[in-house]
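# Residue-level structure breakdown
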Amino acid sequence: QVQLAESGGGLVQAGGSLRLSCAASGRTSFSSYAVGWFRQAPGREREFVAAIWSAGNIFYADSLKGRFTISRDNAKNTVSLQMNSLKPEDTAVYYCAAPPALQWRGTDPTQFTYWGQGTQVTVSS
């Protein structure tokens, strides 16, 4: 089992950048988990942003390629999401999540078992 906690959200002007972090804790090796980032804006469904496997394979939502970069540091039990050229439509609560250890079931949020509490990102125009 793994516990996840996001940090790094805040208020930024359009065109700016933010770096979100997801810190993992628990008794299981963090390197056994794929980790994904999702976001949810008011009145909208939770949507996939990016994910990274334990082996380093990376997936992005097509609409975010080129602006967002996901990375992980297994030694520090962290996964980061670098967000550049932010737009007002990027405003949402951002969550990190993980499926069961050593499993990958795709980018549907229902396939992710462990979730952080979320961090608010607000992009002003």
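Up top is the structure these notes are about.
How each quantity is defined
Residues numbered from 1 in each chain as written. Predicted model: local features only at pLDDT ≥ 70, side-chain atom pairs only at ≥ 80, totals over all residues. Heavy atoms only, no water. Core = buried A, V, L, I, M, F, W, Y, C linked by side-chain atoms within 4.5 Å. Buried < 20%, exposed > 50% of the residue type's maximum accessible area, 1.4 Å probe, protein only. Helix = DSSP H or I, 4+ residues; strand = E, 2+ residues; numbered from the N terminus. Contact = heavy atoms within 4.5 Å. Salt bridge = Lys/Arg side-chain N within 4 Å of Asp/Glu carboxyl O. Phe/Tyr/Trp six-rings, centres within 6.5 Å; stacked < 30°, edge-to-face > 60°. Pairing = 2+ DSSP bridges. Axes fitted to C-alpha atoms, helices over the stretch in contact; angles between N-to-C directions.

The next point concerns the nonpolar core. Where a protein is soluble and globular, its nonpolar side chains tend to be buried together. Core analysis: the biggest nonpolar cluster contains 35 residues, and W37, L81, M83 and Y94 have the highest contact counts within it. Elements that contribute at least two residues to this core include exactly β3 (18–25), β4 (35–40), β5 (47–52), β7 (68–73), β8 (78–83), β9 (92–98) and β11 (119–124). Once residues within four sequence positions are removed from consideration, Y94 is found in contact with E6, L20, W37, F38, R39, V49, F68, L81, M83, G118, T119 and V121.

With that out of the way, let us pick up the pattern of salt bridges. Within this structure, the stated rule accounts for 4 salt bridges. Measuring nitrogen to oxygen at the nearest pair gives 2.5 Å for the salt bridge that ties E47 to R39. Look at E47 and you get partly exposed, because its relative accessible area is 31%. Across the pair D62 and K65 runs a salt bridge, and its minimum N-O distance is 3.4 Å. Pair check on accessibility: D62 and K65 agree, each one exposed. Through salt bridges with shared partners, one network takes in R39, E47, R67 and D90.

It is worth spelling out the side chain of S80 at this point. Within the element layout of this structure, S80 appears in strand β8. The class for S80 is buried, based on a relative accessible area of 9%. Once residues lying within four places of it in the same chain are set aside, the contact partners of S80 are R19, L20, S21, W37, T69, I70 and S71.

Scanning all chains against the criterion turns up 10 aromatic pairs. Ring plane angle 70° and centroid distance 5.8 Å describe the contact between F38 and F48, whose orientation is recorded as edge-to-face. Pair noted here: F38 is in strand β4 and F48 is in strand β5, with a separation of 10 residues, a long-range link. Taken as a pair, F38 and F48 share a single burial class, namely buried.

Strand pairs in the sheet, formed through backbone hydrogen bonds, run parallel or antiparallel to each other. Spatially, 4 strands are ordered β1-β3-β8-β7 in an open sheet, and the strand pairing comes out antiparallel. Of all the strands in the sheet, the pair left with one neighbour each is β1 (3–7) and β7. Each adjacent strand pair in this sheet contributes to an overall mean axis angle of 15°, direction not counted. Relative to β8, β7 runs antiparallel, the two being bridged by 6 bridges. Pairing of S71 across the sheet is with S80, part of β8.

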